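# Coordinate inspection notes
Okay, here's what each chain looks like letter by letter:
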Amino acid sequence: FRRVFERINPKEFEQCFRVWVQSLVEKLGVEVVAIDGKALRGSYNRESQLKALHLVSAWSKEHRLVLGQTKVSEKSNEITAIPALLEMLDISGCIITIDAMGTQKSIAQKIIEADSDYILSLKDNHPTLHKQVKDWFETAQSLGFEGVDVNLSHRVEKGHHRIENRQVYTVPVSQLPALHEQDSWRGLTTVVMVVRSIQHWNQTTNEVQFYLTSLASDAHKIGSAIRQHWGIENSVHWTLDVTFHEDECRIRSLHSPQNFALLRRIALNALERESSFRRSIRQKSRRAAMNDQYMLSVLSTALSDSNSLS
């Protein structure tokens, strides 16, 4: 097995994965695609001076499916990997959500050219623009947004021993003074502020985040898409590390790390699609390991999804 997975061409393997996922996407339809990066911390090799493998993945929260992945080059970063991943996927008509690393003018342009919309997190990697938006919102909020065309969505959620109070403010960019290099952000229509207050049993934390988006000012729709983006951390990265022990895995030779990373995502998708045993991914995985009939059920569900269109 080691020799086989060392030598399988990861690009061809990923192409097979995308063909399968695309059949599911065509059948189900996808509205929001979250893109984020993850390092496989155990895949480094100190003797050969090999850094840990870093992957960028696309995730559909509404259908709980990993849509694709691509490797980040050792001498590059997510900024170059994200456009490559976007080219692999059919994102027409989707809303693409990306964290601050992918908040780049070139990426915004590529998304618009693909007939999609974007929601990009705005942080200190764009210091001038971030400060402009932050200062404007602080001033407008202190004045109660008087005379400003603001759209507000307020939501309170309880669960996991905490209460989260979330307010989403969206304002058309035309309401703000000219922003830094505003014309370079293709399709920029709305700026967003999300205020979150999370009450734990022993403390309360507050945070404010800002976003740029090509969507019209609709706080409920934009807030829902941002909420779905956070799911890639909880439903994908956390599950890969806790259930599949990805960060602990010391597979590191040749193409093995990339190929096994894809196998974990195939397994995650297949287990998510199987609905007869309503348990956690960990429990489903253990049952598949101990029960051949259930394992075949998981595989047959995944295969029937892709064959139903043929």
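About the thresholds
- Residues numbered from 1 in each chain as written.
- Predicted model: local features only at pLDDT ≥ 70, side-chain atom pairs only at ≥ 80, totals over all residues.
- Heavy atoms only, no water.
- Helix = DSSP H or I, 4+ residues; strand = E, 2+ residues; numbered from the N terminus.
- Buried < 20%, exposed > 50% of the residue type's maximum accessible area, 1.4 Å probe, protein only.
- Pairing = 2+ DSSP bridges.
- Axes fitted to C-alpha atoms, helices over the stretch in contact; angles between N-to-C directions.
- Parallel < 35°, antiparallel > 145°, perpendicular 65-115°, else oblique.
- Contact = heavy atoms within 4.5 Å.
- Nonpolar A, V, L, I, M, F, W, Y, C, P; charged D, E, K, R; others polar.

### Regarding the environment of K71
Here K71 lies in strand β3 (residues 65-71). Judged by its relative accessible area of 39%, K71 is partly exposed. Separated by 16 residues in sequence, K71 and L55 have C-alpha atoms that sit 4.6 Å apart.

### Description of the sheet that holds strand β5 (residues 117-122)
Strand order in the open sheet formed by nine strands is β3-β2-β1-β4-β5-β9-β8-β7-β6, and the pairing between neighbours is mixed. Because the sheet does not close on itself, it has two edges, and the strands there are β3 and β6 (151-159). For this sheet, the mean angle separating the axes of adjacent strands, direction not counted, is 25°.

### A few points about unusual backbone geometry
Of note in this structure, H245 is not a glycine but carries a positive phi near 55°. Position of H245 relative to the elements: it lies in the loop between α6 (219-242) and α7 (256-273). Overall, the relative accessible area of 37% leaves H245 in the partly exposed class. For L254, which is not a glycine, the phi torsion comes out positive at approximately 50°. Inspection of the secondary structure puts L254 in the loop between α6 and α7.

### Some details on the packing of helix α3 (residues 78-88) against helix α4 (residues 105-113)
With their axes 10 Å apart at the nearest point, α3 and α4 run at an angle of 5° to one another. Between α3 and α4, the angle is such that the two are roughly parallel. Facing I79, I82, P83, L86 and E87 of α3, the residues of α4 in contact are I107, K110 and I111. The class makeup of the residues in the contact of α3 with α4 is six nonpolar, no polar and two charged.

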